Amino acid sequence: MNICNKPHNKIVPEDLGEAVPEVKAQRARRNGWSWPLHLFQVTAWLLFLFYALVGFGILVPLLPRHWLPAGYICPGVCFIYHLVVHLTAVSIDPADANVREKNYLGPLATFNRTQHAHVIENHHCYVCDVDVSAKSKHCGTCNKCVCGFDHHCKWLNNCVGERNYWLFLNSVLSAILGLGLLLLVAFYVFVEFFVDPTVLRSDQHFDALRNHMDRWFVFLPASPVETRAPAILVTAGIFILLSLVTMILLGHLLTFHIYL
C-alpha cells in the first residue's frame, strides 16, 4: 500500500479561528519524545508495563511445566518486537526532507491568512518556509510538514507518515499478536483455576504448599511472592477484560488501515 498516492489536502495548523487573520509563531515538535507528552502515550506505556508484568510475572509461570518454554518465548518475542518498532516509530522525525534540513525547532514563520488561503501553495510551505514535496501535508499538532502524512497518532505522540508508516503498522500488529497469546494464557489459567487448580501448581515452590490450596505464588521462579487465591483470580479477570478491550480497539485500527 502506497500512502503517498492518496490525494493530499494542504491543511493549516489546528485550532485556528477563521476570523483570525494571522497565526502567531509556534514552535514545532521533532518526534514523539517532544514535550508535552500526550495522555494516550503515557497510557500506552502503562498498559504495556501492566500486560508484561502480569503476563510474564503471574500468568505464564502458572502454566504446566511442558508449556512454559512456549509460554515465555512466543508472546515474549512479540512483546520485544513491539517495543522495538514502537519506540522507533516514536523516535523517527517524519518531517519532509527539506524541513529536516533546516533548523525548524525554533519559532516558525507567521502565516498570514490575508495573503494565502493555505499553508502550502505551489509546493511551498509558508509556515515551515521551505519548498516541500507534493506528498507533504502540514500537521497542525506538530506544526511541520510531513511527507506522506497519514494521521497524527496520539498513542505515539507523533505523526505517522512515509518514514514511519510501516513501523506504525508493525507496532499495531505485534501488539495484537503478543497480547492475543497472553490472553489465551489468561483464559486457560482462569478456567483451570476452577476445573483443576493443581495443574497450575507445577513449579517446585508449590511443593511446600501442597496442603494449602488457598496460598499461591506470583513472580515465579526468580522472585516468588506469596499471595492468596482470590488475588490470582481478580488479577487474571482484570487482565482478560483490559486485554479484550485493547484487542478490539487495536483490531479495529488495523482493519481500518488494511482497508485504506
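Residues numbered from 1 in each chain as written. Predicted model: local features only at pLDDT ≥ 70, side-chain atom pairs only at ≥ 80, totals over all residues. Heavy atoms only, no water.

1. Overview of the overall build of the chain
In terms of regular secondary structure, the chain is built from 5 helices and 11 strands. The buried share of the chain, reckoned over its 260 residues, is 45%. (Helix = DSSP H or I, 4+ residues; strand = E, 2+ residues; numbered from the N terminus. Buried < 20%, exposed > 50% of the residue type's maximum accessible area, 1.4 Å probe, protein only.)

2. Side note on the pairing of strand 11 (residues 225–228)
Where strand 10 (residues 215–218) lies against strand 11, 4 bridges are found, and the strand directions are antiparallel. In the strand pairing of strand 11, arginine 215 is matched with arginine 228. (Pairing = 2+ DSSP bridges.)

3. Side note on the sheet that holds strand 3 (residues 120–121)
With antiparallel pairing, 3 strands are arranged side by side in an open sheet as 3-4-5. Edge positions in the open sheet fall to strand 3 and strand 5 (130–131), since each of these has one partner strand only. As paired strands, strand 4 (residues 124–125) and strand 5 are joined by 2 bridges and run antiparallel to one another. Note on strand 5: the bridge partner recorded for histidine 124 is aspartate 131.

4. Focus on unusual backbone geometry
Geometrically, the link from tryptophan 35 to proline 36 is a cis peptide bond, its omega value of 0° lying close to zero. If you trace the backbone, proline 36 turns up in the loop between strand 1 (22–23) and helix 1 (39–59). Between leucine 220 and the following residue, proline 221, the backbone shows a cis peptide bond with an omega angle of -5°. Relative to the elements of secondary structure, proline 221 occurs in the loop between strand 10 and strand 11. With a phi angle near 60°, asparagine 157 is a residue other than glycine that sits in the positive phi range. The topology assignment puts asparagine 157 in the loop between strand 8 (151–153) and strand 9 (158–160). Look at asparagine 157 and you get buried, because its relative accessible area is 4%. Even without being a glycine, phenylalanine 219 presents a positive backbone phi close to 60°.

5. Points about the packing of aromatic side chains
What characterises a pair of aromatic rings is the spacing of the ring centres plus the angle enclosed by the ring planes. Enumeration according to the criterion identifies 14 aromatic pairs in this entry. Joined through ring pairs, the aromatic side chains of Phe193, Phe206, Trp216 and Phe217 make up one cluster. The lysine or arginine in question, arginine 201, covers the ring of tryptophan 216, its NZ or CZ lying 4.7 Å from the ring centre. (Phe/Tyr/Trp six-rings, centres within 6.5 Å; stacked < 30°, edge-to-face > 60°. Lys NZ or Arg CZ within 6 Å of the ring centre and 35° of its normal.)

It is worth stressing that arrangement in space is one thing and function is another; only the former is reported here.
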